[in-house]
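What follows is each chain in one-letter form.
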Amino acid sequence: MVRLPVSIFPPKLVNGNTSFLHKKDQCLFLLNLCSSIDHLSQIHAQIQVSALQQDTHLISQLIQFSSLSLKNLRYAQSILDHSVNPLPPSAWNHLIRGYAASKSPRDAIRVFLRMRRDGITPNSLTFPFLLKACSSCFAIREGKQIHGNAIRYGFDCDVYVNNNLIHFYGRSKKVLDACKVFDNMLLRTLVSWNSVITSCVESSWLGYAIRYFVKMRDFGFEPDETTMVLMLTVCAENGNLGLGRWIHSQVIERGMLMNLQLGTALVDMYAKSGALCYAKLVFDRMGVKNVWTWSAMILGLAQHGFAKEGLQLFLKMISKSSIRPNSVTFVGVLCACSHAGLVDDGFRYFHEMEHEYGIKPMIIHYGAMVDMLGRAGYLKEAYNFIMSMPLQPDPIVWRTLLSACTVHDAKDNTGVANKVMKELLQLEPRRAGNLVMVANMYADTGMWEKAGKVRRVLKDGRLKKKGGESCFELAGSIHRFSSGYNSLDGREYIYNLLDGLNLHMQNVYAYEARTLLRRHGRKVGHGSGHGGTQVGLGWGKRLGFFLKNYKI
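Remember, predicted model here, so these are calculated numbers, not experimental data.

Chemist: Where do I start with the nonpolar core in this structure?
Modeler: Ranked by internal contacts, the top residues of the largest apolar core, which has 146 residues, are I63, I197 and L401. When sequence neighbours within four positions are dropped, the list of residues in contact with L401 reads V370, L379, A382, Y383, I386, V416 and V420.

Chemist: Explanation requested: the packing of aromatic side chains in the structure shown.
Modeler: What characterises a pair of aromatic rings is the spacing of the ring centres plus the angle enclosed by the ring planes. Tallied over the full model, the rule gives 20 aromatic pairs. Their ring planes at 40° and their centres at 6.4 Å tell us that F127 and Y153 sit as a pair that is tilted. With F127 in helix α8 (residues 126-137) and Y153 in the loop between α9 (140-152) and α10 (159-171), this pair connects stretches of sequence that are 26 residues apart. Consider the rings of W205 and Y208, whose centres lie 5.0 Å apart with planes at 65°: the pair is edge-to-face. Since its relative accessible area comes to 28%, W205 is described here as partly exposed. Look at Y208 and you get partly exposed, because its relative accessible area is 36%. Ring-pair connections join several aromatic residues into one group, and the members of that group are F182, W193, Y212, F219 and F221. The ring of Y99 has R110 lying over it, and the distance from NZ or CZ to the ring centre is 5.7 Å. Directly above the ring of F283 sits K289, whose terminal nitrogen or CZ lies 4.9 Å from the centroid.

Chemist: I'm lost on unusual backbone geometry in this one. Help?
Modeler: Outside of glycine, negative phi angles account for most residues, and trans bonds account for most peptide bonds. Positive phi is not limited to glycine here, since K173 has a value of about 65°. Here K173 shows up in the loop between α10 and α11 (175-183). The backbone phi angle of S204 is positive, close to 65°, even though this residue is not glycine. You can see S204 is positioned in the loop between α12 (190-202) and α13 (206-218). Residue S204 is classed as exposed on the basis of its relative accessible area, which comes to 56%.

Conventions we followed
- Residues numbered from 1 in each chain as written.
- Predicted model: local features only at pLDDT ≥ 70, side-chain atom pairs only at ≥ 80, totals over all residues.
- Heavy atoms only, no water.
- Core = buried A, V, L, I, M, F, W, Y, C linked by side-chain atoms within 4.5 Å.
- Buried < 20%, exposed > 50% of the residue type's maximum accessible area, 1.4 Å probe, protein only.
- Contact = heavy atoms within 4.5 Å.
- Phe/Tyr/Trp six-rings, centres within 6.5 Å; stacked < 30°, edge-to-face > 60°.
- Helix = DSSP H or I, 4+ residues; strand = E, 2+ residues; numbered from the N terminus.
- Lys NZ or Arg CZ within 6 Å of the ring centre and 35° of its normal.

Put into structure tokens, the structure is as follows:
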């Protein structure tokens, strides 16, 4: 057995004088000085020799130190397995907490089941650790059972348990369940509001996230930096620049610390919303940047027509900072190369990504390469690139190439389009958008019979391509309109209002025309001939002026 260093013993103990400290206190004192599993083993041995193994508090401390400080869960598990007396819930909680934060979170559930079998009653701290474990391993069925156990033991009103329930359901994409838990809470904290907003954001329920944010303010809760980061994410995802600017103004008015997360969220929001001047302004003023900050700015420039500026920023990042690019950075770089038509540079960066930076390309990187080749008109090269991919190409990759074929080779002279059609329809035979695209390609090449067959498939299967959608921002809200369908509430009122405005403008234009005619000493009427033409031109110019400058 390895002996503990003399320096960790109190001088009284080294000299053998134990009158000042009880044996239990000695062991607790040594635990505070422990720094390795060897030291812990010696302390454990001293406990056994001193016949203190029946002291549940001391054993609990051993389990806590082993599982949380040393992260040695196997040793902690062995202590629990060989304990003489039933241990208190805190000892079990230490082990559950350790497993929940480990690479095997399901073992936390196993420990809880044994805890129940041994007749140990869980306390309020047991369930949050269990729910974190279920969130980590996506154990939805077990998490719901643990929710039932929390209710059974009377912890359904515990705010800490409920916060973790919201987090669990949110991570499991059960947003309605997360909202239900939140809505039934009698006591809420700022963490509760942030948890339910996070659940909505992570599942793209952006409207719900905004509603909870408004409710949060109505209930008197002041948002913190975490709340603002979440709301900026909402604005970035739905392009709500007006709301994003308001959030930014609130950050400034409240004197919030512009930390790394908040600054990056602002750059991302402005960049995705197309307000690149504001994104660059925030980016330049940030004292500390990480790879996500640089990536957000590079991707924003690449996607909004500033591909060369995006590539210059990437070169600045790798040359003048110690930050190494990640997979998202290279998505922006490849996107920039695609929009700028820099095929050779794109292949060079694609090679450097894996061989210089050790980043294994994902399907999104291969898709960016296909898009780059397709935009440049290299259809055969793009097809060969797809066929040589180590990953199975998804429908998005094939659809990207087929779209390029419609632009550069509508008549399929290269034969690539026909191959891509077959691959795409094999993966998604009932996607209406694919069938419409294929039917149009057949029609463009004069293959009317095949085009008709595809359209019959659409008709017989009652498949309909989703109509085009447009949106606009008004007073901080996003209003969406779909082609061929109008679900807007109060549309009859809007149409009546537009008819009234149209009539009002006609009256205004008619009045202006009469005024012009009287000014030139002409009769009001609809005569023809040279005089009528002159009046018509004058009215037309005046009408054009009003169309340009009349504000409703």
